[in-house]
Amino acid sequence: MSDWPLEAHRAFRQAGVSLVGYVPDAGHKRLIELCHADTALKTVRLTTEEEGIGLAAGGWLGGARSVLLMQSSGVGNCINALGMVRECRFPLLLLVTMRGEFGEFNPWQVPMGQATPAVLEAMGAVVHKIDAADEIAPALTAAARLAFDSYAAVAVLISQRVIGIKSFQEQAAQ
Amino acid sequence: MMQRRDVVKTLLAERGNALVVAGLGSTAWDCTAAGDSPLTFPMWGAMGTAAMMGLGLALAQPSRRVLVITGDGEMLMGLGSLATVGVQKARNLAIAVIDNERYGETGMQETHTAHGVDLAGVARSCGFARTLLVREPGALEQACRLLHSDAGPALVQIKVRAEKLPLALPPREGALLKARFRRALLGEAADAE
């Protein structure tokens, strides 16, 4: 099985990303640790995901490329701020771990998880859905090009098939 | 009570080469009335994200001073961002909250600051290096020092009169505002990226 967090971190660096904002998700645990450990990245813990939209937009104004890590539930917190991204044509790269989508154990995750692609697309973002670990880094590389070279908002959604957490007990043990 | 346009004009008179983010509504009009600049990014939406725009800019440009000028309603909507800024401890970031205790664009309804919420106190609790509440013109000089020179992050909350003033509108198109800012800051690199 591929070590996708390590490959994703490498893809960030190769894409020239210097700023990482995140609200944690169990599925992002190792990637967040890799980003914090990398002194070439400024890794910013957020209190809510929409802060990350401001962080990324402000970073781009200053010439920095960024990526935001979040869980699908956090996509809903970003909706109004995504209006600014579209109006200003700010590049935006989101890496979203899905919940409420495939084998979910928490019913409260299902509505936002099911709505996540539609919400992103409604606000003008391009959505790449990824179902296999070894597709994540190549998708991130392509998404970074689309974002930073073509001034697009791009969300890479990592399926629960990849994350594979099936119970509260498994999540707690992460 | 101080008049908001005078206050913002005073703050911006000493901006030097600072990068400015203007929160939506009256503070964007105040910044425009003081003199539009390509290195001012006036927001027309995304309420609650001005401080985070400032943080992203401050982290991307650590050698430049970044000044966020925003209103009390806008700041209240992004209260969590004060915690995020406090943790990052960006020394080059300063936030001026022009506090009329009202939502000025929607009918002058009172905000939480009219009912005791102390934004400078919140910033202090979040780990800001410098905070100040200003009620009198005599304290504006100290406010300018905090905003322009002292090591931040700094937040200055400035109480102003609640009044409707003539509009002073910056360009509206977001893509234009972004492009002019990046070109003014980054030169040719803005288009090479």
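Residues numbered from 1 in each chain as written. Chains lettered and ligands numbered in written order. Predicted model: local features only at pLDDT ≥ 70, side-chain atom pairs only at ≥ 80, totals over all residues.

K.L.:
I'd like a description of the interface of chain A and chain B, backed by residues and values.
P.N.:
Listed by partner, the interface residues are 29 residues for chain A and 29 residues for chain B. Within the residue set of the side of chain A that touches chain B, elements represented by two or more residues are strand S2 (42–45), helix H3 (49–61) and helix H5 (79–88) of chain A. (Contact = placed C-beta atoms within 7 Å. Helix = DSSP H or I, 4+ residues; strand = E, 2+ residues; numbered from the N terminus.)

K.L.:
Please give an account of the sheet that holds strand S6 (residues 153–158) of chain A that cites residues and values.
P.N.:
All names here are of chain A. If you walk across this open sheet you meet the six strands as S2-S1-S3-S4-S6-S5, and the pairing is parallel. Each edge of the sheet is formed by a strand with only one pairing partner; in this case those strands are S2 and strand S5 (126–130). Strand-to-strand, the axes of this sheet are offset by a mean angle of 20°, without reference to chain direction. With six bridges connecting them, strand S4 (residues 92–97) and S6 associate as parallel partners. Paired with Leu93 across the strands is Val154, a residue of S6. Sitting on the sheet, helix H6 (residues 110–122) is in contact with S4, S5 and S6, with an inclination near 155° to S5. (Pairing = 2+ DSSP bridges. Axes fitted to C-alpha atoms, helices over the stretch in contact; angles between N-to-C directions.)

K.L.:
Give me unusual backbone geometry: which residues, what numbers.
P.N.:
A cis amide bond, omega 0°, links Gly152(B) with the succeeding residue Pro153(B). Secondary-structure assignment places Pro153(B) in the loop between helix H7 (140–148) and strand S8 (154–159). Located in the positive-phi region is Arg89(A), a residue other than glycine, with phi close to 55°. Secondary-structure assignment places Arg89(A) in the loop between H5 and S4. Even without glycine at this site, Lys89(B) takes up a positive phi of about 55°. We classify Lys89(B) as partly exposed; it has 13 C-beta atoms within 10 Å. (Buried ≥ 20, exposed ≤ 12 C-beta atoms within 10 Å, placed from the backbone.)

K.L.:
Summarise the sheet that holds strand S3 (residues 66–71) of chain B; cite the residues concerned and give the values.
P.N.:
Residues and elements named next belong to chain B. Strand order in the open sheet formed by six strands is S2-S1-S3-S4-S8-S7, and the pairing between neighbours is parallel. Strands at the two margins of the open sheet, each flanked by one partner only, are strand S2 (40–42) and strand S7 (130–134). Pairwise comparison of adjacent strand axes, ignoring direction, gives a mean angle of 15° for this sheet. Bridge count between S3 and strand S4 (residues 93–99): six bridges; the pairing is parallel. Of the residues in S4, the one forming a bridge with Val66 is Leu93. Together, strand S1 (19–22), S2, S3 and S4 form the strand contacts of helix H3 (residues 50–60), whose direction differs from that of S3 by roughly 175°.

K.L.:
Describe in detail the environment of Leu140(B), supporting the description with residues and values.
P.N.:
Residues and elements named next belong to chain B. Structurally, Leu140 can be placed in helix H7. Of the residues examined, Leu140 has 18 C-beta atoms within 10 Å and is grouped as partly exposed. In this structure the C-alpha to C-alpha distance between Leu140 and Thr10, which are 130 residues apart in sequence, comes to 8.1 Å. Every residue in contact with Leu140, bar those within four places of it in the chain, is listed here: Val7, Thr10 and Val134.

K.L.:
Just give me the short version of the packing of H3(A) against H5(A), but keep the residues and values in it.
P.N.:
All names here are of chain A. The interhelical angle for the contact between H3 and H5, taken along N-to-C directions, is 25°, at an axis separation of 9 Å. Classed by the angle they form, the pair H3 and H5 counts as roughly parallel. Across the interface between the two elements, Glu50, Ile53, Gly54 and Ala57 from H3 touch Ala81, Leu82, Met84, Val85 and Cys88 from H5. A class-by-class count of the residues in the contact of H3 with H5 yields seven nonpolar, one polar and one charged. (Parallel < 35°, antiparallel > 145°, perpendicular 65-115°, else oblique. Nonpolar A, V, L, I, M, F, W, Y, C, P; charged D, E, K, R; others polar.)

K.L.:
Report on helix H7 (residues 136–150) of chain A, specifying residues and quantitative values.
P.N.:
All names here are of chain A. A rise of 1.5 Å per residue sets the reference length of H7, with its 15 residues, at 21 Å; its end C-alpha atoms lie 20 Å apart and thus fit the reference within 8%. Regarding H7, the residues found buried are Ile136, Ala137, Ala139, Leu140, Ala143, Ala144, Ala147 and Phe148. Burial along H7 is one-sided: seen end-on, the buried residues are contained in an arc of 150°. When the buried face of H7 is taken as reference, the exposed residues oriented beyond 90 degrees from it are Pro138, Asp149 and Ser150. Contacts from the buried residues of H7 go to helix H1 (4–14), strand S3 (65–71), S4, S5 and S6. (Expected span 1.5 Å × (residues − 1). Arc of directions from axis to C-beta.)

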